[in-house]
Amino acid sequence: YVPNANILVLGPSEPDDVRVLSIHNITPVLVDLDNARAMNESARHFGMPLQAHLKIDTGMGRVGFRYDKLDDIYAATKLSHINVTGIMTHLAMADHPLSELTIDQQKRFQEVLLYLFKKGVSIPLRHMEASGAVLNIDNTGYNMVRPGILIYGGYPLSQAEKEKLHGTTLEPMLSWKTRVTQIKKVPKGQSLGYNAVYTTTQETYIATIEVGYGDGYRRSLSHRAQALIKG
């Protein structure tokens, strides 16, 4: 089954992934010229042209073509078996739109786009905004966004920053449900959990629920999280 959707893999892909990416119409992100050339060679080998986006590192400091390696960026747009359909960057301080780094990153991304334009390279999709930037930064000049936590109804901001959003409201749409495995009464002075993290101060009913660290439940939530049982 091939989904009728355009899927963009935000992390780097490897040449061994090209066949699957092409078969399922999945778009990878290219992060430097070596990566782009290797993906192109694999696409040529399999006879499967590939669509891809270029990731530009404008100041996040993680994966991506450095913004000042303009010749490398241009070369990646001219590979024989890769069609560059998008170009992107990622903001390190999107929650602070007036920070010097945020302003510098936007300028650097614009400089890359202008350089490519002058070289006659037209890339249809241009994007830099994850959830924090969607809420805080003007999207003029770009035509795609990458909301993550916003999709689930969560804010990527502190409470103080939320209050500046002037009526922007979100509704959480993700819940985690499990079952009560056992309920039992234990006496005062009974220790509970690993490292005896809690000791009862009186005779207490204890409910054990069927979820834990092995399911991805954070250990840091021990002795501080809340659960709802029948409301």
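Residues numbered from 1 in each chain as written. Predicted model: local features only at pLDDT ≥ 70, side-chain atom pairs only at ≥ 80, totals over all residues. Heavy atoms only, no water.

**Points about the overall build of the chain**
Helix and strand counts for the chain stand at six helices and ten strands. What you see for the chain is a C-alpha radius of gyration of 24 Å, clearly larger than the 17 Å of a compact globule of 231 residues, by over 25%. Looking at the chain as a whole, 30% of its 231 residues are labelled buried. Within the chain, counting contacts between residues at least 6 apart in sequence, those at least 24 apart form 52% of the total. Taking the 25 positively charged and 22 negatively charged side chains of the chain as two groups, their mean positions are separated by 6 Å. (Helix = DSSP H or I, 4+ residues; strand = E, 2+ residues; numbered from the N terminus. Rg over C-alpha atoms; globule rule 2.2 N^0.38 Å. Buried < 20%, exposed > 50% of the residue type's maximum accessible area, 1.4 Å probe, protein only. Contact = heavy atoms within 4.5 Å. Lys, Arg positive; Asp, Glu negative; His and termini not counted. Charge placed at Lys NZ, Arg CZ, Asp CG, Glu CD.)

**Focus: the nonpolar core**
Counting residues in hydrophobic clusters, the biggest one holds 32 residues, and the most contacted among them are Leu 30, Leu 54, Ile 56, Phe 65, Ile 82, Ile 87 and Leu 116. Of all the elements in the fold, those that place two or more residues in this core are α1 (18-23), β2 (26-30), α2 (33-46), β3 (50-57), α3 (70-76), β5 (82-88) and α4 (100-118). Here this core gets five residues from one element, more than from any other, and that element is α4. (Core = buried A, V, L, I, M, F, W, Y, C linked by side-chain atoms within 4.5 Å.)

**So, the pattern of salt bridges**
On inspection of all chains with the given rule, the structure shows three salt bridges. When the shortest N-O distance is used, the salt bridge between Arg 66 and Asp 68 registers 2.8 Å. Where Lys 185 meets Glu 203, a salt bridge forms, and the shortest distance between an N and an O atom there is 4.0 Å. Taken together, the positions of Lys 185 in strand β7 (residues 180-186) and Glu 203 in the loop between β9 (198-199) and β10 (204-209) put the pair 18 residues apart, joining distant regions of the chain. (Salt bridge = Lys/Arg side-chain N within 4 Å of Asp/Glu carboxyl O.)

**Some remarks on a nonpolar patch on the surface**
Judged by side-chain polarity, Val 180, Ile 183, Tyr 205, Ile 209 and Ile 229 come together as a nonpolar surface patch covering roughly 500 Å² of accessible area. At the level of elements, β7 and β10 are the ones that each hand at least two residues to the nonpolar patch. As for its position among the elements, Val 180 is in strand β7. (Patch = residues over 30% accessible without salt bridge, like charges linked within 9 Å, V, L, I, M, F, W, Y side chains within 5 Å. Areas by Shrake-Rupley, 256 points an atom, 1.4 Å probe, with all protein chains shown as cover.)

**Here's the deal with unusual backbone geometry**
Its identity is not glycine, yet Asn 25 carries a phi of approximately 55°, on the positive side. When its relative accessible area of 40% is taken as the criterion, Asn 25 is described as partly exposed. Phi is positive for Ala 196, close to 50°, though the residue is something other than glycine. Turning to its location among the elements, Ala 196 is positioned in the loop between β8 (191-192) and β9.

**Thoughts on the environment of Lys 177**
Considering the arrangement of structural elements, one finds Lys 177 in the loop between α6 (159-162) and β7. For Lys 177, a relative accessible area of 73% translates into the label exposed. Each C-alpha atom of the pair Lys 177 and Leu 228 lies 9.4 Å from the other, and the pair is 51 residues apart in sequence.

**Brief notes about the side chain of Lys 55**
With respect to the helices and strands, the residue Lys 55 is situated in strand β3. An unpaired buried charge is present at Lys 55: no salt bridge exists, and Asp 57, the closest side chain of opposite charge, is 7.4 Å distant. Residues within four places of Lys 55 in sequence aside, it is in contact with Val 29, Leu 30, Val 31, Val 63, Gly 64, Phe 65, Met 88, Thr 89 and His 90.

**Some details on the environment of Leu 116**
Within the fold, Leu 116 resides in helix α4. A relative accessible area of 2% means that Leu 116 is categorised as buried. Once residues within four sequence positions are removed from consideration, Leu 116 is found in contact with Ile 73, Tyr 74, Thr 77, Ile 87, Val 121 and Ile 123.

**Observations concerning α4**
Its 19 residues place the ends of α4 27 Å apart at the C-alpha level, agreeing with the 27 Å of an ideal helix rising 1.5 Å per residue. Packed against the buried residues of α4 are β3, α3, β5 and β6 (125-127). Downstream of α4 by one or two residues, Gly 120 has phi in the positive range, about 80°. (Expected span 1.5 Å × (residues − 1).)

**What about the packing of aromatic side chains?**
For the structure on display, the rule yields two aromatic pairs. With centroids separated by 5.7 Å and ring planes inclined at 55°, the aromatic side chains of Trp 176 and Tyr 217 adopt a geometry described as tilted. One end of the pair, Trp 176, is in the loop between α6 and β7; the other, Tyr 217, is in the segment after β10, and 41 residues separate them in sequence. Its relative accessible area of 25% is what places Tyr 217 among the partly exposed residues. Its end group placed over the ring of Tyr 74, Lys 119 keeps NZ or CZ at 4.8 Å from the ring centre. (Phe/Tyr/Trp six-rings, centres within 6.5 Å; stacked < 30°, edge-to-face > 60°. Lys NZ or Arg CZ within 6 Å of the ring centre and 35° of its normal.)

Honestly, that's just the spatial picture; any functional story needs more than this.
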